[in-house]
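Take a look at the letters that make up each chain.
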Amino acid sequence: MTTEIWQLSESELLADAAAVSHQIQLLEARRIALVAEIDTRVSREKLGFPGPAGWLTSTTPLSPSKATKIVALARGLENFSDIADAVNTGVMSVDHAALILTFAETPPENLPEEGRDMARAALIKAATGPDARTGRIRAAITRLEDSFGTKKPPAENTDRNELFASTTLNGRLVLKGDFDAITGEKLLTALSPLTEPHPAVDGSQTSKTGDDRSPAKRRADAFGHILASSDRPIEGGERPHVNLHIRLQDLTDLQNRGDADDITDDETSRAATESDTDTVDPVDINTGNPVTPDTATELGHENGSEGCAADRGAYRDLFGDGTSVGWLPWMGPLSRNTSRQLACDCVLTAIVMDENGNPLNLARTARTVTAKQRRALIARDHGCAFPGCGKPAAWTEGHHIWHWGDGGPTDMNNLVLLCGFHHRLMHHSDWEVFIGTDNQPWFVPPATVDPYRQPRPSHARAGPHIA
């Protein structure tokens with residue numbers, strides 16, 4: 001007899017919800033497999049439609065777009081058994097499968113055949129399990145397209161930008177837009193300080209006492225505020241502005257390729273120069289040899305099995321720090337050319353990173369988190385660092401691991417970005433956080449969550465490191 005939900009303990013509720021979610025993934029995989037078989041075996045006369053998508057829409061509550069996506073996955077997975085196996089066993093979500101399938105069907109033109117297989121295997125591994133992060137997968141795809149492709153990545157193609165504005169019969173305006181990454185970053189950056197949920201006076205954030213506006217309502221209110229006023233509210237101690245996160249080797253590459261005026265911040269140039277000798281190249285754990293910035297390009301010149309073995313480190317480097325050549329806090333990875341364009345169009349403040357994605361050359365020991373420290377924290381943590389959260393960095397606060405009131409300094413190795421909820425959770429629960437030997441935050445759950453209290457990596461660092 002099935003136990004009523006209200007009779008389940010807290011642990012049983014969590015376990016059952018996770019088990020049901022896994023079963024849903026398996027059922028989604030089975031639906032895709034059934035549609036693939038229908039597409040092959042069932043006649044159009046029997047279906048009553050030109051294809052399975054129309055039949056799905058007419059016989060189920062699925063929308064036409066969802067049905068079309070299922071059919072596309074069914075047809076595509078027939079050609080890539082490794083992606084299909086990950087979906088069929090429930091270890092990879094359908095959305096991640098669609099992302100990897102798109103790359104597999106239209107790989108960069110100059111990526112050799114053995115490189116395509118290796119890249120696909122690496123992407124599948126990165127998309128496996130609950131620690132899979134869409135941003136990391138997209139960053140790896142962006143780097144591959146940037147290194148081996150001849151076309152601008154679709155996310156950065158301004159020719160595809162569209163904005164539809166239609167007046168309705170009852171006098172309202174309906175907007176629908178599709179923008180490139182840079183335009184999207186500018187829009188989300190402008191909206192961010194006005195869309196953050198406002199908690200109640202007592203600091204709580206429930207549907208009854210806090211900000212009960214939906215995300216769509218908050219965005220609409222923010223958009224109206226921007227149109228009505230030129231004032232831009234302060235967020236994180238600064239006026240909203242676009243930040244570009246970039247590693248030292250990529251920053252230096254941009255400087256070498258550009259004109260002297262491309263990057264106008266003197267502090268940026270000094271940071272790149274001063275940190276050059278401090279940066280340690282990543283090491284290939286299979287060979288013990290350094291992985292240099294040129295390693296990723298070797299795939300275009302190596303064709304034998306020996307070349308494939310040598311390039312395992314290059315693909316591991318795609319996922320090593322969760323960033324690509326450039327990184328926008330809201331929109332994610334950018335190609336080399338678009339990063340250079342953005343550097344030309346604005347004053348760029350460099351946050352120089354080491355091989356673990358930790359900021360270098362940062363002033364230390366201030367009473368409160370400085371603007372420069374906050375930029376560095378955003379570059380390291382990306383957003384709320386609590387495992388599985390990842391709320392936007394603009395909505396986070398700098399948490400002192402060793403509390404300020406107890407004498408803890410405001411140094412990078414004593415700070416972590418947390419959203420309001422998880423900031424309060426760290427102060428009022430048995431969750432703990434520490435900075436590990438990799439200079440990254442690690443979280444220790446209470447025994448009620450994990451009896452063994454195994455440390456968990458921060459949200460930005462979760463997921464497999466490609467071996």
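Residues numbered from 1 in each chain as written. Predicted model: local features only at pLDDT ≥ 70, side-chain atom pairs only at ≥ 80, totals over all residues. Heavy atoms only, no water.

### As for the overall build of the chain
Then step 1. Of the regular secondary structure elements, the chain holds 17 helices and 10 strands.
Then step 2. Looking at the chain as a whole, 42% of its 467 residues qualify as buried.
Then step 3. Of all intrachain contacts in the chain linking residues separated by at least 6 positions in sequence, the fraction that spans at least 24 positions is 61%.
Then step 4. Split by element, the accessible area of the chain, about 25200 Å² in all, is 53% carbon and sulfur. (Helix = DSSP H or I, 4+ residues; strand = E, 2+ residues; numbered from the N terminus. Buried < 20%, exposed > 50% of the residue type's maximum accessible area, 1.4 Å probe, protein only. Contact = heavy atoms within 4.5 Å. Areas by Shrake-Rupley, 256 points an atom, 1.4 Å probe, with all protein chains shown as cover.)

### Thoughts on empty space enclosed by the protein
Then step 1. Within this structure, the stated rule accounts for four cavities of 30 Å³ or more.
Then step 2. Taken as a whole, the second largest cavity spans an internal volume of roughly 50 Å³.
Then step 3. Every residue along the wall of the second largest cavity is listed here: Glu28, Arg31, Ile32, Lys66, Lys69, Ile70, Leu73 and Val94.
Then step 4. At the level of secondary structure, the elements contributing two or more residues to the lining of the second largest cavity comprise helix 1 (10-41) and helix 4 (64-77).
Then step 5. Considering each element in turn, the lining of the second largest cavity owes the most residues, four residues, to helix 4.
Then step 6. Of the residues in the lining of the second largest cavity, the class split is four nonpolar, no polar and four charged. (1 Å grid on protein atoms, 1.4 Å probe; cavity = no way out; pocket = protein on both sides within 12 Å on 5 of 7 lines; lining within 4 Å. Points joined across faces, edges and corners; volume = space filled by probe spheres on them. Nonpolar A, V, L, I, M, F, W, Y, C, P; charged D, E, K, R; others polar.)

### Here we look at the pairing of strand 1 (residues 162-167)
Then step 1. Counting buried residues along strand 1, only zero of its six residues qualify, which leaves the element largely exposed.
Then step 2. As paired strands, strand 1 and strand 2 (residues 173-178) are joined by six bridges and run antiparallel to one another. Counterpart to Ser166 in the pairing with strand 2 is Val174.
Then step 3. Where strand 1 folds back on strand 2, the antiparallel hairpin that results is connected by five residues, among which Gly171 adopts a positive phi of roughly 85°. (Pairing = 2+ DSSP bridges.)

### Details of the pattern of salt bridges
Then step 1. This structure, assessed with the given rule, holds 11 salt bridges.
Then step 2. The closest approach of N and O atoms between Asp39 and Arg44, which form a salt bridge, is 3.2 Å.
Then step 3. Asp39 sits in the buried class, given a relative accessible area of 17%.
Then step 4. The partner of Asp95 in a salt bridge is Lys69, and the shortest N-O contact between them spans 2.8 Å. A residue pair is termed long-range when its members are at least 10 positions apart, and Asp95 in helix 6 (residues 94-105) and Lys69 in helix 4 qualify at 26 residues.
Then step 5. Here the salt bridges do not stand alone but share partners, grouping Asp39, Arg44 and Arg75 into one network. (Salt bridge = Lys/Arg side-chain N within 4 Å of Asp/Glu carboxyl O.)

### Here's the deal with the sheet that holds strand 8 (residues 432-435)
Then step 1. Within the open sheet, the three strands sit side by side as 8-9-10. Their pairing is antiparallel. Only two strands of the sheet have a single neighbouring strand rather than two, namely strand 8 and strand 10 (456-457).
Then step 2. Alignment of strand 9 (residues 441-444) against strand 10, held across two bridges, turns out to be antiparallel. Of the residues in strand 10, the one forming a bridge with Phe443 is Arg456.

### Points about the environment of Ser65
Then step 1. Structurally, Ser65 is set in helix 4.
Then step 2. When the C-alpha positions of Ser65 and Ala53 are compared, they lie 8.7 Å apart, and in sequence the two are 12 residues distant.

### Quick notes on the confidence of the model for the chain
Then step 1. Of all residues in the chain, 68% attain a pLDDT of 70 or more, and the chain-wide mean is 75.
Then step 2. Per-residue pLDDT stays below 50 along residues 258-312; that stretch engages in 80 contacts with residues further than four places along the chain or on separate chains.
Then step 3. A low-confidence stretch, residues 361-366 stays under pLDDT 50, and its non-local contacts, those more than four residues away or across chains, total 19 contacts. (pLDDT = per-residue confidence, 0-100.)

### A short note on the side chain of Asp381
Then step 1. Along the polypeptide, Asp381 turns up in helix 16 (residues 371-381).
Then step 2. For Asp381, a relative accessible area of 2% gives the class buried.

### Notes on the nonpolar core
Then step 1. Core analysis: the largest hydrophobic core is formed by 36 residues, its most contacted members being Ile32, Ile83, Met92, Ile100, Phe103, Leu123 and Ile137.
Then step 2. Elements that contribute at least two residues to this core include exactly helix 1, helix 4, helix 5 (81-88), helix 6, helix 7 (113-126) and helix 8 (134-148).
Then step 3. With seven residues, helix 6 is the largest single contributor of residues to this core.
Then step 4. When near neighbours in sequence (up to four residues on either side) are disregarded, Ile32 contacts Ile70, Leu73, Ala74, Leu77 and Val94. (Core = buried A, V, L, I, M, F, W, Y, C linked by side-chain atoms within 4.5 Å.)

### Some details on helix 16
Then step 1. The buried fraction of helix 16 amounts to nine of the 11 residues, a majority that puts the element mostly inside the structure.
Then step 2. Among all positions of helix 16, only Gln373, Arg374, Arg375, Ala376, Leu377, Ile378, Ala379, Arg380 and Asp381 are buried.
Then step 3. Directly beyond the C-terminal end of helix 16, a positive phi value near 70° is found at His382.

### Comments concerning the packing of aromatic side chains
Then step 1. Tallied over the full model, the rule gives two aromatic pairs.
Then step 2. Relative to Phe443, the ring of Phe386 lies with its centre 5.5 Å away and its plane at 70°, an arrangement referred to as edge-to-face. Note that Phe386 is positioned in the loop between helix 16 and strand 6 (396-400) and Phe443 in strand 9, a separation of 57 residues in sequence. Note on accessibility: Phe386 and Phe443 belong to one class, buried. (Phe/Tyr/Trp six-rings, centres within 6.5 Å; stacked < 30°, edge-to-face > 60°.)

### Here we look at the environment of Leu77
Then step 1. Along the chain, Leu77 turns up in helix 4.
Then step 2. Residue Leu77 is classed as buried on the basis of its relative accessible area of 8%.
Then step 3. In contact with Leu77, not counting residues within four places along its chain, are Ile32, Ile83, Ala84 and Leu101.

### So, the pairing of strand 9
Then step 1. Where strand 8 meets strand 9, four bridges bridge the pair, whose relative direction is antiparallel. By the bridge assignment, Ile435 is partnered in strand 9 with Pro441.
Then step 2. Taking the residues that link successive antiparallel strands as the turn, the strand 8-strand 9 hairpin has five residues, and the phi of Asn439 there is positive, at about 65°.

### Regarding unusual backbone geometry
Then step 1. Here the phi dihedral of His382 falls at roughly 70°; this positive angle occurs in a residue that is not glycine.
Then step 2. Along the chain, the position of His382 falls in the loop between helix 16 and strand 6.
Then step 3. Residue classification places His382 among the buried residues on the basis of a relative accessible area of 19%.
Then step 4. For Asn439, which is not a glycine, the phi torsion comes out positive at approximately 65°.
Then step 5. Within the secondary structure layout, Asn439 lies in the loop between strand 8 and strand 9.

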